[in-house]
Amino acid sequence: MTRRNLLILAVALAAGCASYSGAGLVPGRSSVEDVRATMGEPTLVRPLPDGSQVLWYSKLPNGRESYAARIAPDGTLVSLEQRLTAENVAKLRPNESTGEDVLDLLGPPSRRFKFPLKDRESWEYPLWTGPGKQTLYVELSPDNVVRAVYQLYDRDTRPRFF
């Protein structure tokens, strides 16, 4: 491969990564059509009571990011933000928050699973937390109430040589 082809490939890859995080979208000016053209089809669409909506663009589980594009009732982009943050996780309150609150704050989980001997479901959100990777677990009871919120460091999967 020539040097020129490598440069073209690098630029194309960089442009592809940037567009997923909303590069070029301007709150107040970009339309919902601009958002969809730039970011693709959303992972989840959450309508809000005031007629606005949130388009979720999840890069989970490997990207560890979940972008929320808030769209006004007139179809204009209001905001675009990465929601898997410590500030948003801190807003989750065991025995008070609901599954709807979790979806509104963090977006769709990367995985949902039921505990076989517990009457709970767990939602999993991989996170970037500084030097190490962590996974956030949100446990919900059958009445859709958050019962536990905790983060664990991901297991080191690198091969070990003795």
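Values in this document were obtained by computation on a predicted structure and should not be read as measured data.

**Looking at the sheet that holds strand β1 (residues 44-47)**
Here's step 1: Taken in spatial order, the four strands make up an open sheet running β1-β2-β3-β4, and their pairing is antiparallel. Strands with a single pairing partner mark the edges of an open sheet, and in this sheet they are β1 and β4 (77-82). Pairwise comparison of adjacent strand axes, ignoring direction, gives a mean angle of 15 degrees for this sheet.
Here's step 2: The pairing of strand β3 (residues 66-71) with β4 spans five bridges and is antiparallel. Pairing of Ala68 across the sheet is with Glu81, part of β4.
Here's step 3: Strands in contact with helix α2 (residues 32-39) are β1, β2 (53-58), β3 and β4; relative to β2, the strand with the most contacts, it is inclined by about 5 degrees.

**Quick look at the sheet that holds strand β8 (residues 146-153)**
Here's step 1: Judged by pairing direction, the sheet is antiparallel, and its four strands sit side by side in the order β5-β6-β7-β8 without closing on themselves. Of all the strands in the sheet, just β5 (111-114) and β8 have a single pairing partner and so form its edges. When the angles between neighbouring strand axes are averaged without regard to direction, this sheet yields 25 degrees.
Here's step 2: Relative to β8, strand β7 (residues 132-140) runs antiparallel, the two sharing seven bridges. When the sheet's bridge partners are listed, Tyr137 is paired in β8 with Tyr150.
Here's step 3: Where helix α4 (residues 99-106) meets the sheet, it contacts β5, β6 (121-129), β7 and β8, and its direction lies at approximately 25 degrees from that of β6.

**Quick notes on the confidence of the model for the protein chain**
Should the pLDDT be low somewhere, the predicted coordinates at that spot are not to be read in detail.
Here's step 1: Counting all residues, the mean pLDDT for the protein chain is 87, and 83% of those residues have values of 70 or more.
Here's step 2: This stretch, residues 4-19, has a pLDDT under 50; its non-local contacts, to residues over four places away or in other chains, come to four contacts.

**Topic: the pattern of salt bridges**
Here's step 1: Inspection of every chain in the model, using the stated rule, returns 11 salt bridges.
Here's step 2: The shortest N-O distance in the salt bridge between Asp104 and Arg46 comes to 2.9 Å. With Asp104 in helix α4 and Arg46 in strand β1, the pair connects residues that are 58 residues apart, well separated along the chain.
Here's step 3: Residue classification places Asp104 among the partly exposed positions, given a relative accessible area of 34%.
Here's step 4: Among the charged side chains, a network of salt bridges with common partners joins Arg46, Glu100 and Asp104.

**A look at the side chain of Ser30**
Here's step 1: With respect to the helices, strands and loops of the structure, Ser30 is situated in the loop between α1 (3-20) and α2.
Here's step 2: For Ser30, a relative accessible area of 6% translates into the label buried.
Here's step 3: At 2.7 Å, the side chain of Ser30 and the backbone nitrogen of Val26 are in polar contact.
Here's step 4: With sequence-adjacent residues up to four places away left out, Ser30 is seen in contact with Gly24, Leu25, Gly75, Thr76 and Leu77.

**Description of the nonpolar core**
Here's step 1: By size, the foremost hydrophobic cluster in this structure holds 15 residues, and its most contacted members are Val102, Leu106, Trp123, Tyr125, Leu136 and Val138.
Here's step 2: Contributing elements (two or more residues each) for this core: α4, β6 and β7.
Here's step 3: Examining the composition of this core, we find that four residues originate from one element, α4, more than from any other.
Here's step 4: Of all hydrophobic cores here, the second largest spans 10 residues; its members include Leu25, Tyr57, Ala69 and Leu77.

Calculation notes
Residues numbered from 1 in each chain as written. Predicted model: local features only at pLDDT ≥ 70, side-chain atom pairs only at ≥ 80, totals over all residues. Heavy atoms only, no water. Pairing = 2+ DSSP bridges. Helix = DSSP H or I, 4+ residues; strand = E, 2+ residues; numbered from the N terminus. Axes fitted to C-alpha atoms, helices over the stretch in contact; angles between N-to-C directions. Contact = heavy atoms within 4.5 Å. pLDDT = per-residue confidence, 0-100. Salt bridge = Lys/Arg side-chain N within 4 Å of Asp/Glu carboxyl O. Buried < 20%, exposed > 50% of the residue type's maximum accessible area, 1.4 Å probe, protein only. Polar contact = N/O pair within 3.5 Å; in protein donor to acceptor, adjacent residues only side chain to side chain. Core = buried A, V, L, I, M, F, W, Y, C linked by side-chain atoms within 4.5 Å.

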